[in-house]
Structure formats: C-alpha cells, structure tokens
Amino acid sequence: MRASVLIPLPLDGAYDYLVPEGASLDVGDFVRVPLGRREVVGVVWAIAEGAAPEGLDPAKMKEIVERLELRPLPSSLMTFIDWLAKYTLSLPGLVLKLALTAPGVFDPPKMKTAYILSETKPDRMTAARERVIAVLEDKLPRTRAELVDEAGVSASVVKTMTAAGSLLSVPRAADAPFTDPDPHYGGVTLSSSQDAAASVLRTKAQASDYSATLLDGVTGSGKTETYFEAVAVCLEKGKQALILLPEIALTVQFLDRFEARFGCRPGVWHSDLSQRDRRRTWKAVADGKVQVLVGARSALFLPYPNLGLIIVDEEHEQAFKQEEGIIYHARDMAVVRASISNIPIILSTATPSLETMINVEQGRYDVVRLESRHGAAQLPVIAAIDMREDKPEQGRWLSPVLVDALSATFEAGNQAMLFLNRRGYAPLTLCRVCGHRMQSPDSSSWLVEHRKTGRLVCHHTGFSMPRPKHCPQCDSEDSLVGCGPGVERVAEEVSECFPDRRVEIMSSDTIGHPREAEQLVARMTKGEIDVLVGTQMMAKGYHFPGLTLVGVVDADLGLNGGDLRASERTFQLLSQVAGRAGRADKPGQVLLQTY
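Residues numbered from 1 in each chain as written. Predicted model: local features only at pLDDT ≥ 70, side-chain atom pairs only at ≥ 80, totals over all residues. Heavy atoms only, no water.

## Observations regarding the packing of helix α3 (residues 127-136) against helix α4 (residues 144-151)
The contact between α3 and α4 brings their axes to 9 Å, and the two run at 110°. By the angle class used here, α3 and α4 are roughly perpendicular. Between α3 and α4 the crossing geometry is right-handed. Between α3 and α4, the contacting residues are Arg 131, Val 132, Val 135 and Leu 136 on the first element and Leu 147, Glu 150 and Ala 151 on the second. Residue composition of the contact of α3 with α4, by class: 5 nonpolar, no polar and 2 charged. (Axes fitted to C-alpha atoms, helices over the stretch in contact; angles between N-to-C directions. Helix = DSSP H or I, 4+ residues; strand = E, 2+ residues; numbered from the N terminus. Parallel < 35°, antiparallel > 145°, perpendicular 65-115°, else oblique. Left-handed = near helix turned anticlockwise from the far one by under 90°. Contact = heavy atoms within 4.5 Å. Nonpolar A, V, L, I, M, F, W, Y, C, P; charged D, E, K, R; others polar.)

## A word on a nonpolar patch on the surface
A contiguous nonpolar patch, built from Met 1, Val 27 and Ile 47 and spanning about 250 Å² of accessible area, is present on the exposed surface. Topologically, Met 1 is positioned in the segment before β1 (2-6). (Patch = residues over 30% accessible without salt bridge, like charges linked within 9 Å, V, L, I, M, F, W, Y side chains within 5 Å. Areas by Shrake-Rupley, 256 points an atom, 1.4 Å probe, with all protein chains shown as cover. Salt bridge = Lys/Arg side-chain N within 4 Å of Asp/Glu carboxyl O.)

## Observations regarding the pairing of strand β20 (residues 428-431)
Along β20, one buried face is formed by Leu 428 and Leu 430 and the opposite face, lined by Thr 429 and Cys 431, is buried too. One ladder, built from 4 bridges, connects β20 with strand β24 (residues 480-483); its direction is antiparallel. Across the sheet, residue Cys 431 finds its bridge partner in β24, namely Leu 480. (Buried < 20%, exposed > 50% of the residue type's maximum accessible area, 1.4 Å probe, protein only. Pairing = 2+ DSSP bridges.)

## Thoughts on the packing of helix α1 (residues 75-87) against helix α10 (residues 330-341)
Interaxial distance between α1 and α10 falls to 10 Å at its minimum, and their mutual angle equals 135°. Here α1 is positioned oblique relative to α10, judged by the angle of their axes. Remark: the crossing between α1 and α10 carries right-handed chirality. The segment α1 lies against α10, with Ser 76, Leu 77, Thr 79, Phe 80, Trp 83, Leu 84 and Tyr 87 engaging Met 333, Val 336, Arg 337, Ile 340 and Ser 341. For the contact of α1 with α10, the per-class residue count stands at 8 nonpolar, 3 polar and 1 charged.

## Topic: the environment of Val 105
Tracing the backbone through its elements, the reader meets Val 105 in the loop between α2 (92-98) and β6 (111-117). Each C-alpha atom of the pair Val 105 and Pro 92 lies 20 Å from the other, and the pair is 13 residues apart in sequence. When sequence neighbours within four positions are dropped, the list of residues in contact with Val 105 reads Leu 70, Arg 279, Trp 282 and Lys 283.

## Points about the environment of Lys 526
Relative to the helices and strands, Lys 526 is located in the loop between α14 (514-525) and β26 (531-534). When the C-alpha positions of Lys 526 and Pro 545 are compared, they lie 9.1 Å apart, and in sequence the two are 19 residues distant.

## Things to note about the nonpolar core
Phe 30, Leu 73, Leu 242, Trp 282, Leu 293, Ile 310 and Ile 345 are the most contacted members of the largest nonpolar core, which has 55 residues in total. Setting aside its immediate chain neighbours within four residues, Ile 345 contacts Tyr 210, Ser 211, Ala 212, Thr 213, Ile 310, Val 312, Ala 334, Val 335 and Ala 338. (Core = buried A, V, L, I, M, F, W, Y, C linked by side-chain atoms within 4.5 Å.)

## Quick look at the packing of aromatic side chains
Tallied over the full model, the rule gives 12 aromatic pairs. An angle of 15° between the planes, with centres 5.7 Å apart, marks the rings of Tyr 542 and Phe 544 as stacked. There is no split in this pair, since Tyr 542 and Phe 544 are both buried. Here the aromatic residues Tyr 227, Phe 228, Phe 254, Phe 258 and Phe 262 are joined through ring pairs into a cluster of three or more. Here the basic side chain of Arg 437 rests over the ring of Trp 446, its NZ or CZ set 5.2 Å away from the ring centre. (Phe/Tyr/Trp six-rings, centres within 6.5 Å; stacked < 30°, edge-to-face > 60°. Lys NZ or Arg CZ within 6 Å of the ring centre and 35° of its normal.)

## Notes on the pairing of β26
Alternating residues of β26 divide into Val 531 and Val 533 and Leu 532 and Gly 534, and every residue in both groups is buried. Taken together, the 4 bridges between strand β19 (residues 415-419) and β26 define a ladder with parallel strand orientation. Bridging across to β26, Ala 416 finds its partner in Val 531. Bridge count between strand β25 (residues 503-506) and β26: 4 bridges; the pairing is parallel. Opposite Val 503, over in β26, you have Val 531 as the bridge partner. Each parallel crossover has a hand, and the one from β25 via α14 to β26 is right-handed. (Right-handed = clockwise from strand over helix to strand, strands pointing away.)

## Focus on unusual backbone geometry
In this model, Asn 342 sits at a positive phi of 60°, which is unusual for a non-glycine residue. Looking at the element boundaries, Asn 342 is found in the loop between α10 and β16 (344-349). Judged by its relative accessible area of 39%, Asn 342 is partly exposed.

## Topic: the environment of Arg 422
Looking at the secondary structure, you find Arg 422 in the loop between β19 and β20. The class for Arg 422 is partly exposed, based on a relative accessible area of 22%. Taking C-alpha positions, Arg 422 is 5.1 Å from Gly 486, a pair spaced 64 residues apart along the chain. Excluding residues that lie within four positions of it along the chain, Arg 422 makes contacts with Pro 427, Pro 485, Gly 486, Val 487, Thr 535 and Leu 557.

## So, the pattern of salt bridges
Considering all chains together, one arrives at 27 salt bridges under this definition. For Arg 172, the salt bridge is made with Glu 146, and the minimal N-O distance between the two is 2.9 Å. Taken together, the residues Arg 172 in strand β8 (residues 167-173) and Glu 146 in helix α4 connect sequence positions 26 residues apart. Here Glu 355 and Arg 565 are joined by a salt bridge, their closest N and O atoms 2.8 Å apart. Placement of the pair is Glu 355 in helix α11 (residues 354-361) and Arg 565 in the loop between β27 (547-552) and α15 (566-578), with a sequence separation of 210 residues. It is possible to trace a salt-bridge network through shared partners that takes in Glu 315, Arg 331, Asp 332, Glu 355, Arg 565 and Glu 568.

Below is the structure:
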C-alpha cells in the first residue's frame, strides 16, 4: 500500500510514500514523513494499492515514519482545501498550511500534576480540609493552585492531605478545558419582529442541509441576539458553530453579549493570540471540545469535526478580504465551506454588499429583515452640513454647526463621537518655503505626521522617520507644516474648544491589542469619555448607551481616488457610523460635514 501525503509547504500536490507493514492508516490522518534530510508532518490525502505509481522506481519510495495521535483532518475541510487551491490558483500545500497555523499542535501534550479524592479520610477533620473535599466531590482533577484558589486554603493543606493519603496525585493535561455554552442560560426578550426573524433562522439551523440566509437589519435592531437563537439550536443538536467577525476589536463587546446569553465565553481565534492559546484552541476545536468559536477570517480553516452552523457578522466588511499570500474573501469562502459541509450559513449586516444583494435578488440566498430598532430606540436624525456655507474658522476643521451640537450634547449630559477615516495628525507635510512634500523613499505615498510620537509614517510600507527640523530640499529651519486633518488634529481641536471635556482617540495607532480596545470601550460605556474621535475601527458593532451625537468630519473622504466601489463603501461606512447614535432610550443625531 502507498499513501499520498500533502505537506504544508509550497508544493503543487501530494507526495507518495509507502505504508509500513502492518500499519493502519486512513485518509485525513496526520503522519510524519521524510522529506530530503529532514522529517515533516503531512496529511494523508489518499491511499492506493501498488508499490509505486507508473514511471516511479519502487526502490526510491520512502516509508512513512509514524502516524500521529491526532484526530484526522475532516473530509469536508480536505475537500474545501482542494476547492480553494483550484479556485485561487494556489499551491495545495500552501492552502493546507492555512489549516495548520498553530505551533506545537503536533508535539505531545504537556501534563500537570492534579489531585483527586482517595478512599482514605483525613485522621483529623478541619474546616480547611472540609473545603478541599467539597471542591473535589465533583471528581474533576484540580492542580494545587486551583485547589488553593477554589477552596480558599493554603498550599500546605493540600500537601499535608496528599502525604496522609487523603488526596491522590494524577496527571492532567496542562491546557485548561473550554466551558460548554448553555443554550438555555439567558437572553433578552425578543420583539415580535425579532422573534419572527429568529423563528426562520431556528428552522434553518434545525435543518441538516445547506442554506444561505441574509439577516438584513438596521443598526441597533438586535441582529446579534436574533442569530444567537440559531446558535442555540445548533448547540442543542450537539454541533459546533463558527461566528466570523471582521476585526479583533469587535470581539470586545461581542464576547460580553455572548456570555450573557450562553453563560460562558466562546473560543476565540485571531492573529493576536499567543502561541500557547493558538495550540490550545486548535487542539480543542479538532477534538470537538470548542462548541462555539468566534474568530477572524483564518478561523474558517480550523478542523471542526462537527460543524453545524456558520455566521458571518458584518458580511459587507472589507476586512474579510485576504490581500496577501493566498488571496480570498472569507465571506464567499464561508459560503463555499457551508455548501461543502451541507450546513446553513447566515450573513448578518445593516448594509449588505452588492454581491449578497444580487444573490438575494436571484434567489440563491434567502433574506430575513429587521426594519426597526429594538425597544424604545429610534433611528437617528441625519443631516448634512454644507461646508461652503457653514465654514470652519481659519485653521479649524469643525464647522460652527457641529461645534454648537457638541456643546448642546455636553450640556444634556450625553456623549459624542467624531469620525474621520484618517490616522495620525496630518496626511501631508510640506515646506512653506520651497513647497517640498515629505514622501516615503520606498513608495509614492506622502508621509503622515504623527504628532504624539513626533514621527512621519508611511501607512502603506511602514516606513517611519523622526520629523526633521530642516527641510531636506532647501534646508530651511522649522519650515515644515502639516496640511489637512487626521484624528489627532481633530482631537486637539475638540480639546481647545472644550478644555474641560475628556477626549480620547480610537485608531489602529492607539489600539494595538484587543485588551486595549476592551479597556477603552469599557470607559466609553461607563461614561468616562465625553468625545471619542476615531477611524473606521469604531464605526461598527459598538453599543454606547450614552452616545447621542455622531459627527462625520469629512463625509466626502471615501469618494476620492480610483476605487470603483467607492460609493458603495462610503454608503456602508457612513451608515455604520451613523448607527452608533441613539441606540438606547435617548434620541440620536448625525451630522455629516460635506463639500
């Protein structure tokens, strides 16, 4: 027998190896095989009879070294990998690599010493020992640190009970297990329209076949709570659910809402996970021990053995497009994976992409609509500010109309958000003497000034340099000036107009980790921030009850350049930004500054 083994390297197909005498192998098994002078891990892609393929000398065939003790790669994922490789004209080995991006998953599991109760009772019972026994009565092994924490005892109590034979030490996997979500744990009371939509999604999730459904709801209509009902049905069936989110920062409030509904946090998958967390999550997903996973686009390639539902939240988002390496759109590939796995998929958004709208119109996708906000919340009043008539003061970027609206918002005790999709302090730095523009040496892009760090940065290549004191062209001193506004400059102007107000910036320059986003969102939710100035990072997904005013500093910005889809994306972005206002019981207002 021989096996075709696909290796996660830039190879155009599987390599043939001999199956060792007496070995038992199946398609999807992980195996260690020789490749040149080293050994690598691959996946058995096919098994065939015969010593060697036609034209190959059997003496040159190498033997598989060993089969690894891992659950086989699901056949649906293998089919998906083959399909994606052909569709994107990519090497199959590189597509397989997307599914094996967790370092250490092939290493033996690390073990810890844990403790369980023995048949021997302590000679002398104390309150501390009683607490240890009470904790361990559920027969789940716990480490010494866990016992100390849960029972509220000192480490010496555990040590003494072990020495006396009352506790037995046993090996336990070092990785903590994931908690299973409870589909009946909690949840909000759905409105009649939400319940009608949820009923359709429950039926889709209950069926054991492929379907694609667009959940089209206005901002604040409760789409998340509605599709959680489909997740609950999936859990009741004992299946796994995958929820794709476009950005890491969006997981902050989402995880809280998930925990309120299902009693625990889901598994999480994104690029900022530590190697240990990636290994732990990958193995738990492969073993079927993660019931719900919330992740970025790469979560689509994890080896779910029992996948029953896929949800793509904010399906219109550009962040689902992988632009480097293997180029794919995670929303479209999620539909393909659902079709291959014969399971339902839900696409949720307030501003559907044109592709999704066409698929609905042509009958390929079903659609469920939520046309009003949940509860007492109403959609905000939206108005345009004509910047030719209501001009800002010289050197300023906020019109008098928007400044007055900010003042009124603060007097009412409410919060405001100012949106400008431009990072840094100024998008262009030039010399007032000779007109020289500071440009990146490795691209044709202008350097963006970041005043907080005192540097000029190219946002395309990552080039960075200190802001020079002399013009590199004419050597004039202190002649360089920033032109145009970025979020830092807008925040500076707000602080000058309202010196007693708390102003913070939310952009990829200030938020480098999900924990930082979580802390900022918590401060905004508690009312510790009066004005949040930010880029598209803050434009969608967030719910701030005290936020009543949204001001768009430059509503025309997205229409510049040569993007053929600029109008569609500008509409989507402005709709999402506007949707942050008035999501609770206070009415919202949105002002768009435009020329």
